[in-house]
Amino acid sequence: MRVVLDSNILFSALISPHSPPHLIFEAWREGRFELITCQQQLDEIRRASRSPKLQRILQGHRVGTLLNQLQQGPLIDRLPAGIQVNDPDDAFLLSLSAAAEADVLVTGDRRAGLLQMGHYGRTRIVAPIFFCREILRILT
């Protein structure tokens, strides 16, 4: 199963142990699915992790470890352009999902309207709790 995780899911995984995002992160590390990323997402993680808000709650070495782990997996280098969503910063997630032929995009961000879409092409768009319960079957 090919999965794209919104950067907010990855940050939440580092911040909140035992949360659905953390369980998703652990499932990926256990090899339960293939996590797909792109350079744009790696850049977003680097940039956002330097914000004062996140620097107060995230340990820099954990972000560095995350980035190193992400770079070990599939990295899509060409994303389709021209995709529009409410939050332009999240358009790359749909582009990445399309380019990777991802089965699932996991996001907690309702502001961009991604969750409300439900699907983008072949990619199902779901919240982290749904991904844990219905797809990974790790929460009841």
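This one's a predicted model, so the numbers in the text were calculated from it and none came from an experiment.

Before going further, it helps to spend a moment on helix α2 (residues 20-29). Looking at α2, one finds that the buried residues are Pro-21, His-22, Ile-24, Phe-25, Ala-27 and Trp-28. Buried residues along α2 sit against β1 (2-5), α1 (7-15), β2 (34-35), α5 (60-72), β5 (104-106) and α8 (128-136). Once α2 ends, the next one or two residues include Gly-31, with phi positive near 85°.

This brings us to the packing of α2 against α5. A pair of packed helices is captured by two measures, namely the crossing angle of their axes and the spacing between those axes. Running from N to C, α2 and α5 point in directions that differ by 45°, and their axes come no closer than 12 Å. Here α2 is positioned oblique relative to α5, judged by the angle of their axes. With respect to the hand of their crossing, α2 and α5 are arranged in left-handed fashion. Mapping the contact onto sequence places Phe-25, Trp-28 and Arg-29 in α2 and Leu-66, Gln-69 and Leu-70 in α5.

In this section: the sheet that holds β1. Read across the open sheet, the five strands follow the order β2-β1-β5-β7-β6; overall the sheet is mixed. Taken across any chain shown, the strands that pair with only one partner, and hence form the sheet edges, are β2 and β6 (119-120). Bridge count for β5 against strand β7 (residues 123-126) is three bridges, and the pairing is parallel. Considered in β7, the bridge of Val-106 is made with Val-126.

Our focus in this paragraph is the side chain of Asp-109. For Asp-109, the position within the fold is in the loop between β5 and α7 (114-117). Overall, Asp-109 belongs to the buried group, its relative accessible area being 11%. In contact with Asp-109, other than residues within four places in its own chain, are Asp-6, Asn-8, Asp-87, Asp-90, Leu-114 and Leu-115.

Parameters at a glance
- Residues numbered from 1 in each chain as written.
- Predicted model: local features only at pLDDT ≥ 70, side-chain atom pairs only at ≥ 80, totals over all residues.
- Heavy atoms only, no water.
- Buried < 20%, exposed > 50% of the residue type's maximum accessible area, 1.4 Å probe, protein only.
- Helix = DSSP H or I, 4+ residues; strand = E, 2+ residues; numbered from the N terminus.
- Contact = heavy atoms within 4.5 Å.
- Axes fitted to C-alpha atoms, helices over the stretch in contact; angles between N-to-C directions.
- Parallel < 35°, antiparallel > 145°, perpendicular 65-115°, else oblique.
- Left-handed = near helix turned anticlockwise from the far one by under 90°.
- Pairing = 2+ DSSP bridges.

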